[in-house]
Amino acid sequence: MADVLHRVGVVGCGTMGAGIAEVCLRAGLDVWVAVSSPGRADRASARVLGALDRAVAKERMSVEEREEAAGRLRFTADFAELADRQLVVEAVAEDPDAKHRVFKALDGVLTDPDAVMASTTSSLLVADIAEATSRPEAVVGMHFFNPVPVMPLVEVVRSARTSERTAARAESFAVDVLGKEVIRTQDRCGFVVNALLVPYLMAAVRMYEQGVADAEDIDRGMTLGCGYPMGPLALLDMIGIDTITAVAHAMRENSDDLIVEVPPLLIRMAEDGRLGRKSGRGFFQYDEAS
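A brief structural summary. (Residues numbered from 1 in each chain as written. Predicted model: local features only at pLDDT ≥ 70, side-chain atom pairs only at ≥ 80, totals over all residues. Heavy atoms only, no water.)

### What about the environment of R252?
With respect to the helices, strands and loops of the structure, R252 is situated in helix α10 (residues 241-253). Judged by relative accessible area, R252 falls into the partly exposed class, the value being 24%. (Helix = DSSP H or I, 4+ residues; strand = E, 2+ residues; numbered from the N terminus. Buried < 20%, exposed > 50% of the residue type's maximum accessible area, 1.4 Å probe, protein only.)

Here's what the structure looks like:
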C-alpha cells in the first residue's frame, strides 16, 4: 500500500510513549523517540529496550526480532531529527501548554506536507491542540490505552478541521499496521471511553473516601457483581493517580458535568506521590514500583 506510514516519531517516553514505540517497533517500523532533554534519552532507551526484552522472555518475539527492532530505534532531544517522519504521535503530559509547544515545534520541522500529527490526549479537544499548527487538517487524535501492547483499542478523533484523509490514514495505521481495533469519535470532552469511565472512577473514589466500603470490597463488588475484569480502584492504580487526576481536571474544565469533579482524596494522593503501581503504593500496596 503506497500510503503506509513507515517512518514514525513518538514525542515523550513515559508509559504511553514507550508503549507506542514498542508496538511500532514490533510492527517493523522505523521509530524516532523525542525526549525533553539529552539526559532523559538513557532512561527512555532502557524503558523501551526493557519492554522488548520482556517480550522475548515471554516468547512474544525472537531474539533476532528484538535485535532488528532495536536497530530501527533512535532517541533524540532535537525535534529537527523528526523532520522526515510521516507520522508523529505526541504522548506528553495531559497539559494544554505542553501539547501546544510540541505541535508548534512539529509544525516547524516536518518536511512532508502530508505528515500526520497525532495526539494521544484522552480529555483535551483535538481542535484546541491543532490551533498551535498552521495545518490543523493534519492533526488527529489517536487515543491509545494502557498498556499499549495489550489493549486492542484506539480512539481516532477527528476535529471539525481534521481532513477525512488524515483520519483515514490514522485509522488504517492503527488497524492495518498495528493490528488494533478502532472506534471513531467526535471531538468532545472525554471522547467515548473516558466520558463513560472517568465519572465511574471518581464515584468509586468518593465511595472509598466516605467509608462506604474498603478498597478490597469496592473492587470485589464490581468484579464479582458486574463481571468487570478489574475493580475501579485497582484500575486507578494501574493508570496512575497523577495521570487520572490530570485527565479528570481537564474534563472538569471542559465540561459542565459535576460528576467528574475530582475528589480531594485523589488530589492528596497525587501530591503525596501515592501514584499507584508505578510508585509502589496507591489504593493498594505493591511489592515494587512497575
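Now that the structure has been shown, the text picks up again.
### Quick notes on unusual backbone geometry
The peptide bond linking N146 to P147 adopts the cis configuration, its omega dihedral lying at 0 degrees. Positive phi values are uncommon outside glycine, yet E59 reaches one of about 60 degrees. Residue position: E59 is located in the loop between α2 (38-57) and α3 (63-71). Among the residues examined, E59 registers a relative accessible area of 74% and is labelled exposed. We note that F191 has phi near 55 degrees; this positive angle belongs to a residue other than glycine. Its location among the elements puts F191 in the loop between β8 (181-186) and α7 (193-209).

### Some points on the nonpolar core
Counting 38 residues, the largest nonpolar core has V31, M142 and F173 as the members making the most contacts within it. At 6 residues, helix α1 (residues 15-26) tops the list of elements feeding residues into this core. Beyond its immediate stretch of four places on either side in the chain, V31 contacts V8, V10, A21, C24, L25, R72, L73, R74 and R85. C189, L201, A204 and L265 belong to the second largest nonpolar core, which has 25 residues in total. (Core = buried A, V, L, I, M, F, W, Y, C linked by side-chain atoms within 4.5 Å. Contact = heavy atoms within 4.5 Å.)

### Overview of the pattern of salt bridges
The full count for this structure, using the stated rule, is 16 salt bridges. In this structure, D242 engages K278 in a salt bridge whose closest nitrogen and oxygen atoms are separated by 2.9 Å. Of this pair, D242 sits in helix α10 while K278 sits in the segment after α11 (264-271); the two residues are 36 residues apart in sequence, bridging distant segments of the chain. For D242, a relative accessible area of 30% gives the class partly exposed. Here the salt bridges do not stand alone but share partners, grouping R7, D30, D84 and R85 into one network. (Salt bridge = Lys/Arg side-chain N within 4 Å of Asp/Glu carboxyl O.)

### Comments concerning helix α4 (residues 96-109)
The end-to-end C-alpha separation of α4 is 20 Å, in line with the 20 Å expected for 14 residues at 1.5 Å each. Listed in full, the buried residues belonging to α4 are A98, K99, V102, F103, L106 and D107. The buried side chains of α4 occupy one side of the element, clustering within an arc of 165 degrees when seen end-on. What points out from α4, more than 90 degrees from its buried face, is the exposed set R101, K104 and G108. Of the surrounding secondary structure, the elements contacted by the buried residues of α4 are β1 (7-11), β4 (87-90), β5 (116-119), α5 (126-130) and β6 (139-144). (Expected span 1.5 Å × (residues − 1). Arc of directions from axis to C-beta.)

### Some words on the pairing of β8
Along any regular strand, the residues point their side chains to alternate faces of the sheet. Sheet analysis places strand β7 (residues 153-158) next to β8, joined by 6 bridges and oriented parallel. Each residue of the ladder has a partner; that of V154, found in β8, is V182. (Pairing = 2+ DSSP bridges.)

### Looking at helix α9 (residues 232-239)
Of all 8 residues in α9, 6 are buried, a share of seventy percent or more. Burial in α9 covers these residues: P232, L233, A234, L235, L236 and D237. Residues of α9 that are buried make contact with α7, α8 (215-226) and α10. G240, located one to two residues past α9, shows a positive phi value of around 110 degrees.

### Things to note about the sheet that holds β5
Working definition: the strands of a sheet are paired by backbone hydrogen bonds and lie parallel or antiparallel to each other. Spatial strand order, β3-β2-β1-β4-β5-β6-β7-β8: 8 strands in an open sheet with mixed pairing. Each edge of the sheet is formed by a strand with only one pairing partner; in this case those strands are β3 (73-76) and β8. Averaged over all pairs of adjacent strands, the angle between their axes in this sheet comes to 25 degrees, without regard to strand direction. (Axes fitted to C-alpha atoms, helices over the stretch in contact; angles between N-to-C directions.)

Nothing here speaks to function; it is all geometry.
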